[in-house]
Amino acid sequence: MVDLPRRSLLAGMAALSASACAKINQSESAKTLFDAAEDGHRTLHRALAGKQGLAPEYTRAERSPTFRGNGSVTVEDPFYKAQLAGGFPDWRLEVRGLVEKPLALTLDEVKALPQRTQITRHDCVEGWSAIGEWQGPQLAALLDAAKVKESAKFIVFRCADVLYGRDYYESIDMVDAYHPQTIIAHSLNGEPLPEKNGAPLRMRIERQLGYKQAKYVKAIEAVASFADIGDGKGGFWEDTAGYQWYAGI
Ligand SMILES: Nc1nc2c(c(=O)[nH]1)N[C@H]1C(S)=C(S)[C@@H](COP(=O)(O)O)O[C@H]1N2
Ligand SMILES: [Mo]
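Residues numbered from 1 in each chain as written. Chains lettered and ligands numbered in written order. Predicted model: local features only at pLDDT ≥ 70, side-chain atom pairs only at ≥ 80, totals over all residues. Heavy atoms only, no water.

(A) Representation of helix 5 (residues 139-146) in the model. If you check which residues of helix 5 are buried, you get Leu 139, Ala 140, Leu 142, Leu 143 and Ala 146. In a view along the axis of helix 5, the buried residues occupy a sector of 160 degrees, so they form one face of it. Downstream of helix 5 by one or two residues, Lys 147 has phi in the positive range, about 55 degrees. (Buried < 20%, exposed > 50% of the residue type's maximum accessible area, 1.4 Å probe, protein only. Helix = DSSP H or I, 4+ residues; strand = E, 2+ residues; numbered from the N terminus. Arc of directions from axis to C-beta.)

Structure (C-alpha coordinates):
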(Lines give C-alpha, C1' and ligand atoms only; values in the text may rest on other atoms or scores of the structure.)
(Ligands and ions follow the chains in the order given, each with its own letter.)
Protein backbone atom coordinates (compact mmCIF):
# COMPACT_ATOMS: atom_id res chain seq x y z
CA MET A 1 0.00 0.00 0.00
CA VAL A 2 2.61 2.52 1.07
CA ASP A 3 5.09 1.52 -1.60
CA LEU A 4 2.84 2.26 -4.52
CA PRO A 5 2.41 6.05 -4.12
CA ARG A 6 6.08 6.38 -3.12
CA ARG A 7 7.23 4.69 -6.30
CA SER A 8 4.91 6.57 -8.59
CA LEU A 9 5.88 9.90 -7.03
CA LEU A 10 9.54 9.10 -7.51
CA ALA A 11 8.98 8.02 -11.10
CA GLY A 12 6.99 11.19 -11.75
CA MET A 13 9.73 13.34 -10.28
CA ALA A 14 12.45 11.59 -12.23
CA ALA A 15 10.52 12.11 -15.45
CA LEU A 16 9.95 15.77 -14.60
CA SER A 17 13.57 16.50 -13.78
CA ALA A 18 14.93 14.52 -16.70
CA SER A 19 12.76 15.91 -19.48
CA ALA A 20 10.86 19.03 -18.60
CA CYS A 21 12.95 20.71 -15.94
CA ALA A 22 15.52 22.62 -17.98
CA LYS A 23 13.04 23.81 -20.62
CA ILE A 24 10.29 24.69 -18.19
CA ASN A 25 12.62 26.89 -16.17
CA GLN A 26 13.21 29.23 -19.11
CA SER A 27 10.02 31.30 -19.05
CA GLU A 28 8.58 33.18 -16.09
CA SER A 29 5.01 31.93 -16.51
CA ALA A 30 6.29 28.39 -16.86
CA LYS A 31 8.40 28.98 -13.76
CA THR A 32 5.23 29.82 -11.83
CA LEU A 33 3.67 26.63 -13.13
CA PHE A 34 6.75 24.70 -12.05
CA ASP A 35 6.55 26.19 -8.54
CA ALA A 36 2.86 25.35 -8.40
CA ALA A 37 3.64 21.76 -9.41
CA GLU A 38 6.28 21.59 -6.68
CA ASP A 39 3.78 22.93 -4.11
CA GLY A 40 1.29 20.38 -5.40
CA HIS A 41 3.81 17.59 -4.96
CA ARG A 42 4.59 18.74 -1.43
CA THR A 43 0.90 18.92 -0.52
CA LEU A 44 0.17 15.51 -2.04
CA HIS A 45 3.20 13.94 -0.40
CA ARG A 46 2.30 15.36 3.01
CA ALA A 47 -1.32 14.24 2.57
CA LEU A 48 -0.26 10.70 1.68
CA ALA A 49 2.42 10.36 4.32
CA GLY A 50 0.72 12.29 7.11
CA LYS A 51 2.62 15.20 8.65
CA GLN A 52 4.94 13.03 10.67
CA GLY A 53 4.78 9.84 8.56
CA LEU A 54 7.94 7.79 8.78
CA ALA A 55 10.18 6.75 5.91
CA PRO A 56 10.61 2.94 5.77
CA GLU A 57 13.34 1.50 7.99
CA TYR A 58 15.26 -1.68 7.20
CA THR A 59 17.07 -4.48 9.00
CA ARG A 60 20.82 -4.74 9.49
CA ALA A 61 20.91 -7.61 6.98
CA GLU A 62 19.49 -5.28 4.32
CA ARG A 63 22.30 -2.73 4.59
CA SER A 64 24.31 -2.17 1.41
CA PRO A 65 27.79 -3.71 1.60
CA THR A 66 29.28 -0.36 0.59
CA PHE A 67 27.77 3.10 0.74
CA ARG A 68 29.21 5.05 -2.17
CA GLY A 69 30.28 8.67 -1.93
CA ASN A 70 28.71 11.18 -4.32
CA GLY A 71 29.20 14.88 -5.09
CA SER A 72 32.06 16.11 -2.91
CA VAL A 73 33.99 13.17 -1.48
CA THR A 74 36.84 15.24 -0.04
CA VAL A 75 37.07 18.72 1.49
CA GLU A 76 39.89 21.05 0.48
CA ASP A 77 39.68 23.51 3.40
CA PRO A 78 43.01 23.30 5.34
CA PHE A 79 41.34 23.55 8.77
CA TYR A 80 39.04 20.68 7.79
CA LYS A 81 41.97 18.58 6.57
CA ALA A 82 43.89 19.10 9.82
CA GLN A 83 40.81 18.29 11.90
CA LEU A 84 40.06 15.14 9.88
CA ALA A 85 43.60 13.89 10.45
CA GLY A 86 43.28 14.38 14.23
CA GLY A 87 39.71 13.11 14.79
CA PHE A 88 38.06 16.59 14.79
CA PRO A 89 39.19 17.72 18.29
CA ASP A 90 38.58 21.43 17.58
CA TRP A 91 35.62 21.06 15.22
CA ARG A 92 32.53 22.99 16.27
CA LEU A 93 28.97 22.59 15.07
CA GLU A 94 27.30 25.99 15.25
CA VAL A 95 23.57 26.47 15.73
CA ARG A 96 22.85 30.10 14.93
CA GLY A 97 20.60 32.60 13.17
CA LEU A 98 17.10 33.14 14.57
CA VAL A 99 17.79 31.45 17.90
CA GLU A 100 17.80 32.81 21.45
CA LYS A 101 20.85 30.81 22.50
CA PRO A 102 23.48 30.27 19.76
CA LEU A 103 25.50 27.08 20.26
CA ALA A 104 28.97 25.88 19.25
CA LEU A 105 29.15 22.17 20.05
CA THR A 106 32.09 19.79 20.04
CA LEU A 107 31.68 16.40 18.42
CA ASP A 108 31.64 14.83 21.91
CA GLU A 109 28.80 17.14 22.92
CA VAL A 110 26.83 16.10 19.83
CA LYS A 111 27.43 12.44 20.69
CA ALA A 112 26.36 13.01 24.32
CA LEU A 113 22.83 14.08 23.28
CA PRO A 114 20.09 11.40 23.14
CA GLN A 115 20.78 9.38 20.00
CA ARG A 116 18.61 7.87 17.27
CA THR A 117 19.74 4.97 15.08
CA GLN A 118 17.95 4.36 11.79
CA ILE A 119 18.52 2.07 8.82
CA THR A 120 17.14 3.83 5.76
CA ARG A 121 17.41 3.94 1.99
CA HIS A 122 19.15 6.86 0.31
CA ASP A 123 17.86 7.65 -3.19
CA CYS A 124 19.99 9.82 -5.47
CA VAL A 125 18.38 11.49 -8.50
CA GLU A 126 21.31 10.23 -10.55
CA GLY A 127 19.76 6.78 -10.30
CA TRP A 128 21.32 4.87 -7.45
CA SER A 129 20.20 3.91 -3.95
CA ALA A 130 21.94 2.53 -0.87
CA ILE A 131 20.76 1.36 2.55
CA GLY A 132 22.79 2.50 5.54
CA GLU A 133 22.57 2.61 9.33
CA TRP A 134 22.90 6.15 10.66
CA GLN A 135 23.31 7.37 14.21
CA GLY A 136 23.08 10.83 15.75
CA PRO A 137 20.85 13.21 17.70
CA GLN A 138 17.57 14.44 16.28
CA LEU A 139 17.85 17.91 14.79
CA ALA A 140 14.88 18.82 17.03
CA ALA A 141 17.10 18.35 20.12
CA LEU A 142 19.62 20.89 18.81
CA LEU A 143 16.91 23.35 17.77
CA ASP A 144 15.24 23.06 21.17
CA ALA A 145 18.57 23.58 22.97
CA ALA A 146 19.21 26.73 20.91
CA LYS A 147 15.60 27.94 21.38
CA VAL A 148 14.58 28.68 17.81
CA LYS A 149 12.54 31.88 17.53
CA GLU A 150 8.96 31.99 16.20
CA SER A 151 10.14 34.06 13.22
CA ALA A 152 12.26 31.17 11.88
CA LYS A 153 10.63 29.40 8.93
CA PHE A 154 13.51 27.34 7.51
CA ILE A 155 16.68 25.60 8.65
CA VAL A 156 19.78 26.06 6.49
CA PHE A 157 22.77 23.68 6.56
CA ARG A 158 26.17 25.24 5.85
CA CYS A 159 28.78 22.77 4.61
CA ALA A 160 32.57 22.80 4.65
CA ASP A 161 33.04 21.75 1.01
CA VAL A 162 33.16 23.78 -2.17
CA LEU A 163 31.67 22.12 -5.27
CA TYR A 164 32.20 23.68 -8.72
CA GLY A 165 33.38 26.86 -6.99
CA ARG A 166 30.36 27.25 -4.70
CA ASP A 167 29.77 26.56 -1.02
CA TYR A 168 27.42 23.58 -0.68
CA TYR A 169 24.33 24.36 1.37
CA GLU A 170 20.80 23.06 1.77
CA SER A 171 17.59 24.02 3.55
CA ILE A 172 14.38 22.44 4.83
CA ASP A 173 11.14 23.66 6.39
CA MET A 174 10.12 23.23 10.02
CA VAL A 175 7.97 20.14 9.37
CA ASP A 176 11.06 18.25 8.18
CA ALA A 177 13.33 19.96 10.73
CA TYR A 178 11.28 18.53 13.61
CA HIS A 179 10.54 15.18 11.93
CA PRO A 180 11.66 12.29 14.20
CA GLN A 181 13.88 10.78 11.46
CA THR A 182 15.71 14.06 10.81
CA ILE A 183 19.03 13.50 12.54
CA ILE A 184 22.54 14.86 12.32
CA ALA A 185 24.58 11.70 11.90
CA HIS A 186 28.13 11.12 13.11
CA SER A 187 28.24 7.43 12.27
CA LEU A 188 27.46 5.12 9.37
CA ASN A 189 27.10 1.37 9.94
CA GLY A 190 28.52 1.68 13.44
CA GLU A 191 31.70 3.55 12.43
CA PRO A 192 32.54 7.26 12.48
CA LEU A 193 31.49 8.78 9.11
CA PRO A 194 34.19 8.37 6.47
CA GLU A 195 35.27 11.56 4.72
CA LYS A 196 33.46 10.57 1.51
CA ASN A 197 30.14 10.28 3.37
CA GLY A 198 30.39 13.65 5.16
CA ALA A 199 32.66 13.43 8.24
CA PRO A 200 32.29 14.48 10.96
CA LEU A 201 28.55 15.31 10.70
CA ARG A 202 25.93 15.02 7.95
CA MET A 203 22.19 15.39 7.76
CA ARG A 204 19.70 12.57 7.29
CA ILE A 205 16.30 13.87 6.20
CA GLU A 206 14.76 10.57 5.33
CA ARG A 207 11.69 11.60 3.33
CA GLN A 208 13.71 13.53 0.78
CA LEU A 209 16.18 12.75 -2.00
CA GLY A 210 19.96 12.44 -1.78
CA TYR A 211 20.92 16.01 -2.56
CA LYS A 212 19.09 17.27 0.56
CA GLN A 213 21.35 15.09 2.79
CA ALA A 214 23.97 17.78 3.47
CA LYS A 215 27.45 16.44 4.32
CA TYR A 216 30.32 18.17 6.21
CA VAL A 217 27.79 20.29 8.15
CA LYS A 218 29.53 23.06 10.09
CA ALA A 219 26.55 25.28 10.88
CA ILE A 220 22.80 24.98 11.28
CA GLU A 221 21.09 28.31 10.71
CA ALA A 222 17.50 29.24 11.49
CA VAL A 223 16.22 31.79 8.96
CA ALA A 224 12.96 33.50 7.99
CA SER A 225 13.78 33.22 4.27
CA PHE A 226 16.56 31.79 2.09
CA ALA A 227 16.09 34.41 -0.64
CA ASP A 228 19.42 36.07 0.21
CA ILE A 229 21.47 32.86 0.42
CA GLY A 230 23.31 31.65 -2.71
CA ASP A 231 21.05 32.24 -5.70
CA GLY A 232 18.01 32.19 -3.44
CA LYS A 233 16.58 28.78 -4.34
CA GLY A 234 17.43 27.10 -1.05
CA GLY A 235 20.28 24.78 -1.97
CA PHE A 236 23.30 24.06 -4.13
CA TRP A 237 21.53 21.89 -6.71
CA GLU A 238 18.40 24.04 -6.61
CA ASP A 239 20.60 27.05 -7.54
CA THR A 240 22.83 25.36 -10.09
CA ALA A 241 20.66 22.73 -11.80
CA GLY A 242 17.04 23.71 -11.10
CA TYR A 243 16.41 20.73 -8.82
CA GLN A 244 13.23 21.06 -6.79
CA TRP A 245 13.65 22.53 -3.32
CA TYR A 246 11.12 20.05 -1.92
CA ALA A 247 12.54 16.67 -2.91
CA GLY A 248 10.00 14.34 -1.25
CA ILE A 249 10.30 10.66 -2.04
N1 LIG B 1 28.19 19.02 1.46
C2 LIG B 1 27.71 18.22 0.51
N3 LIG B 1 26.62 17.50 0.77
C4 LIG B 1 26.11 16.67 -0.18
C5 LIG B 1 26.68 16.58 -1.47
C6 LIG B 1 27.86 17.35 -1.71
O7 LIG B 1 28.45 17.31 -2.80
N8 LIG B 1 28.33 18.15 -0.69
N9 LIG B 1 26.11 15.74 -2.43
C10 LIG B 1 24.70 15.37 -2.23
C11 LIG B 1 24.23 14.26 -3.08
S12 LIG B 1 23.75 14.65 -4.67
C13 LIG B 1 24.05 13.01 -2.61
S14 LIG B 1 23.36 11.76 -3.54
C15 LIG B 1 24.51 12.66 -1.25
C16 LIG B 1 25.55 11.58 -1.33
O17 LIG B 1 25.88 11.13 -0.06
P18 LIG B 1 27.05 10.08 0.07
O19 LIG B 1 28.29 10.74 -0.49
O20 LIG B 1 27.14 9.74 1.50
O21 LIG B 1 26.66 8.91 -0.80
O22 LIG B 1 25.05 13.76 -0.53
C23 LIG B 1 24.45 14.98 -0.78
N24 LIG B 1 25.01 15.95 0.13
MO1 LIG C 1 22.52 12.84 -5.39
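There is more to say after this.
(B) Molecular detail of the confidence of the model for the protein. This prediction gives the protein a mean pLDDT of 88; 83% of its residues lie at or above 70. Note on residues 1-26: pLDDT is under 50 here. Beyond four places in sequence and across chains, it has 26 contacts. (pLDDT = per-residue confidence, 0-100. Contact = heavy atoms within 4.5 Å.)

(C) Examining the pairing of strand 1 (residues 93-97) more closely. By the bridge criterion, three bridges tie strand 1 to strand 2 (residues 103-105) in an arrangement that is antiparallel. The residue bridging Leu 93 from the neighbouring strand is Leu 105, located in strand 2. Between strand 1 and strand 2, which pair antiparallel in sequence order, lie five residues. Across four bridges, the pairing between strand 1 and strand 11 (residues 217-223) is parallel. Residue pairing in the sheet places Glu 94 in a bridge with Ala 219 of strand 11. (Pairing = 2+ DSSP bridges.)

(D) Up close: the nonpolar core. In this structure, Leu 139, Ile 155, Phe 157 and Ile 220 are the most contacted members of the largest nonpolar core, which totals 50 residues. For this core, the element with the most residues is strand 5 (residues 154-163), which contributes five residues. Non-local contacts of Ile 220, meaning those with residues more than four positions away in its chain, are made with Leu 93, Glu 94, Val 95, Arg 96, Leu 139, Leu 142, Leu 143, Ile 155, Val 156, Phe 157 and Ile 184. Formed by eight residues, the second largest nonpolar core is a distinct cluster that contains Phe 154, Val 156, Phe 226 and Ile 229. (Core = buried A, V, L, I, M, F, W, Y, C linked by side-chain atoms within 4.5 Å.)

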